[in-house]
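Overview (structure and organization)
Given next are the chains, with one letter for each unit.
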Amino acid sequence: MSEEQEKPKRPQRIFSGVQPTANIHLGNYLGAIKRFVPLQYEMESIFCVVDMHAITVPQDPKKLVLQTREVAAAYLAAGIDPEKSIVFVQSNVSAHAELAWILNCVARMGWMERMTQFKDKAGENSERVSLGLFAYPALMAADILAYHATHVPVGEDQKQHLELARDVAAKFNNDFKAKGFFPLPEPLIGKEAARVMNLQDGSKKMSKSDPAELSRINLTDDADTISKKFKKARTDQFPMPETMDELKARPEVDNLVGIYAALAETTKEAVVAEFAGAGFGLFKPKLADLAVEKLAPVNAKMRDYMDNHDHIDKILREGAERANAIAAPILKKTKELVGFFS
Ligand code: AQP
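Since the model is a prediction, treat every value here as computed from it, not as a measurement.

1. Structural notes on the overall build of the protein
- On a plain count of helices and strands, the protein comes out with 15 helices and seven strands.
- The dimensions of the protein, computed from C-alpha atoms along their principal axes, are 70 × 45 × 45 Å.
- Relative to its full complement of 342 residues, the protein shows a buried share of 51%.
- Summarising the internal contacts of the protein: among those between residues at least 6 apart in sequence, 77% fall at separations of at least 24.

2. Concerning the domain arrangement of the protein
- Each assigned domain of the protein is listed here: domain 1 (3–188 + 309–338) and domain 2 (213–303).
- Relative placement of domain 1 and domain 2: their C-alpha centres are 30 Å apart.
- Listed per partner, the contact involves 12 residues of domain 1 and 15 residues of domain 2.
- Taking both sides of the interface into account, the surface hidden between domain 1 and domain 2 amounts to around 1,200 Å²; carbon and sulfur atoms contribute 73%.
- Per-residue buried area on domain 1 facing domain 2 is highest for Leu26, Tyr29 and Ala77; these three make up 42% of the total on that side.
- Residue glutamate 265 pairs with lysine 34 through a salt bridge whose shortest N-O separation is 2.8 Å.
- Where domain 1 touches domain 2, the interface holds three residue pairs in polar contact (both at pLDDT 80 or more).
- For the side of domain 1 that touches domain 2, the elements supplying multiple residues, two or more each, are α2 (26–39) and α4 (61–78).
- Top element by residues in the side of domain 1 that touches domain 2 is α4. It accounts for five residues.
- Residue composition of the side of domain 1 that touches domain 2, grouped by class: eight nonpolar, two polar and two charged.

3. Brief notes about helix α15 (residues 309–338)
- Along its 30 residues, α15 runs 40 Å from first to last C-alpha, staying within 8% of the 44 Å computed at 1.5 Å per residue.
- Roughly 30° is the biggest bend found in α15, and it falls at alanine 327, with proline proline 329 one to four residues downstream.
- All buried positions along α15 are accounted for by Ile312, Asp313, Ile315, Leu316, Gly319, Ala320, Ala323, Ile326, Ala327, Ile330, Leu331 and Thr334.
- Glycine 339 sits one or two residues past α15 and shows a positive phi near 100°.

4. Observations regarding the nonpolar core
- Among the nonpolar cores identified, the biggest contains 61 residues, and Leu26, Tyr75, Phe230 and Phe283 are the most heavily contacted of them.
- With 10 residues, helix α14 (residues 280–307) is the single largest residue contributor to this core.
- Contacts of leucine 26, omitting those with residues within four sequence positions, involve Gly31, Met206, Ile217, Phe230, Ile259, Leu263 and Leu295.
- By size, the runner-up hydrophobic cluster in this structure holds 50 residues, among which are Ala107, Phe118, Leu164 and Phe182.

5. Thoughts on helix α5 (residues 95–104)
- Buried within α5 we find Ala95, His96, Leu99, Ala100, Ile102 and Leu103. In a view along the axis of α5, the buried residues occupy a sector of 160°, so they form one face of it.
- Looking at the buried positions of α5, the neighbouring elements they touch are β1 (13–18), α3 (51–54), β3 (86–89), α8 (131–145), α9 (159–175) and α15.

6. Some thoughts on the pairing of strand β7 (residues 201–205)
- In the sheet, strand β6 (residues 197–198) pairs with β7 via two bridges, with the strands oriented antiparallel. Opposite methionine 197, over in β7, you have lysine 205 as the bridge partner.
- Once β6 ends, the chain turns through two residues before running back antiparallel as β7.

7. Brief notes about the pattern of salt bridges
- Scanning all chains against the criterion turns up 19 salt bridges.
- Of the charged contacts in the structure, one is a salt bridge between glutamate 246 and arginine 250, with a shortest N-O distance of 3.1 Å.
- By sharing partners, the salt bridges in this structure join Glu213, Arg216, Asp221 and Lys229 into a single network.

8. Brief notes about the site of the ligand
- Residues in close proximity to the ligand total 24 residues, the closest being His25, Lys121, Asp157, Lys208 and Ser209.
- At 3.0 Å from an oxygen atom of the ligand is found a side-chain nitrogen or oxygen belonging to threonine 21.
- Looking at the shell around the ligand, the elements that each hand over two or more residues are β1 and α2.
- Take the shell around the ligand: its biggest share by element is four residues, from α2.
- Class assignment for the residues of the shell around the ligand results in eight nonpolar, 11 polar and five charged.

9. Remarks on the packing of aromatic side chains
- Applying the stated criterion across every chain, the model contains 13 aromatic pairs.
- Between phenylalanine 118 and phenylalanine 134, the aromatic rings sit 5.1 Å apart at their centres with planes inclined by 80°, giving edge-to-face as the arrangement. One end of the pair, phenylalanine 118, is in helix α7 (residues 116–122); the other, phenylalanine 134, is in helix α8, and 16 residues separate them in sequence.
- Taken together, the ring pairs in this structure connect Phe172, Phe176, Phe181 and Phe182 into an aromatic cluster.

Procedures and definitions
- Counting restarts for each chain, with residues numbered from 1 along the sequence as it is written.
- Owing to the predicted nature of the model, reporting of local features is limited to residues with pLDDT of at least 70; listing and counting of side-chain atom pairs is limited to 80 or more, with chain, interface and lining totals taken over all residues.
- Hydrogen atoms and water are omitted, and side-chain values are computed over all heavy atoms in the structure.
- Secondary structure elements are defined from DSSP: runs of H or I of at least 4 residues count as helices, runs of E of at least 2 residues count as strands, and each element is numbered from the N terminus.
- Note on classification: 1.4 Å probe, protein chains only; a residue is buried when its accessible area is under 20% of the maximum for its type, exposed when over 50%, partly exposed between these limits.
- Residue contacts are defined here by distance: any two heavy atoms, one from each residue, within 4.5 Å place the two residues in contact.
- Residue ranges for the domains originate in an automatic or database domain assignment.
- Using a 1.4 Å probe, buried area is obtained as the accessible area two parts lose upon being combined, added over both of them.
- Counted as salt bridges are all cases of a side-chain nitrogen of Lys or Arg within 4 Å of a carboxyl oxygen of Asp or Glu.
- Polar contacts, as used here, are pairs of N or O atoms within 3.5 Å; protein pairs need one atom able to donate a hydrogen and one able to accept it. Residues neighboring in sequence count only if both atoms are side-chain atoms.
- Classes in brief: Ala, Val, Leu, Ile, Met, Phe, Trp, Tyr, Cys and Pro nonpolar; Asp, Glu, Lys and Arg charged; the others, Gly included, polar.
- Given a helix with a known number of residues, its expected span is that number minus one, times 1.5 Å.
- We define the bend at any residue as the angle between the axes fitted to the seven residues before and including it, ending there, and the seven starting there.
- For our purposes a nonpolar core is just a set of buried Ala, Val, Leu, Ile, Met, Phe, Trp, Tyr and Cys residues, chained together by side-chain atoms within 4.5 Å.
- Directions drawn from the helix axis to the C-beta atoms are what define this arc.
- Strand pairing is assigned whenever DSSP identifies at least 2 bridges connecting the two strands.
- For this description, a residue counts as near a given molecule or strand if any of its non-hydrogen atoms is within 4 Å of it.
- Think of it this way: a Phe, Tyr or Trp ring, Trp meaning its six-membered ring, pairs with another when their centres are within 6.5 Å, and the plane angle makes it stacked under 30 degrees, edge-to-face over 60, tilted otherwise.

Structural data, given as structure tokens:
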């Protein structure tokens, strides 16, 4: 029986993370954070601010701590309940770094070399980027496996990293004769807005690090800025599509329809049916109004949390203790399996 089929009985547990790399945006919200909220009532949930991932590219240390609180504020403002879920900062639980080293020694160079995110981020510069950026997926595998997490809600861009985490888990279990020790975590990818695209270029995903402000909606943008960005979003000269096939052939429009569908909690089919043949002069203001209506409360709550960072800090410190209580025994057992002296 393969590992996949075996499915040992274990509690189902969610783990996911967001990097505190500034400009947390609508893609992070729709693709990940918003989806965490209902999931916390279905399974034990652990949500992490992954600052160790953030430093795989240079960060200003003074800003990193503020950005870390900003991601935590976004979690809480979106509706994550810190009494129910564990919310904490990655670098506060040493199991992530310790397990990552072990998994670095399990993962293969060839697996890492195939990661498209590394290729995209390194670009022409792959000799000069950090070793950490290359090893990022092994740290991500450690984040998940340190908790024996079974499900990982992410945007579509993380699917390949999740597959690698499964490969690492299976290879560890096989190499150390520990059948079923690490679960093979399953990605939970949303149907709508799984990959929110850049508002100025439908071939690139919306990203925190894009220098063009008009490319993304930040969760901290006010109503006027959100309206302006949607108004300036790239489209074409034709009216709104009448069929799904027509929509698929127009990536920028497809993106806006997907954003609308995710915000309205409906489907792209329903949005196409509602706006078929209409002009963008009608659709874009409706989209902007919907985005403002849905994001304004999140934005206001984020500001409140940021203004009262003692409260956030307390939640993060308590979260780290709870996270450590789960990860420490799993790490201890992992070290035993590897044969480390204790
Ligand atoms: N454009 C996106 N559409 C849908 N989901 C997205 N996610 C990221 N971008 C989109 C999801 O958000 C979660 C947190 O992402 P991350 O902080 O790990 O960073 P990332 O994937 O590298 O995203 P960015 O915004 O592009 O950051 P930078 O520019 O710093 O690399 C993940 O679940 C991710 O899938």
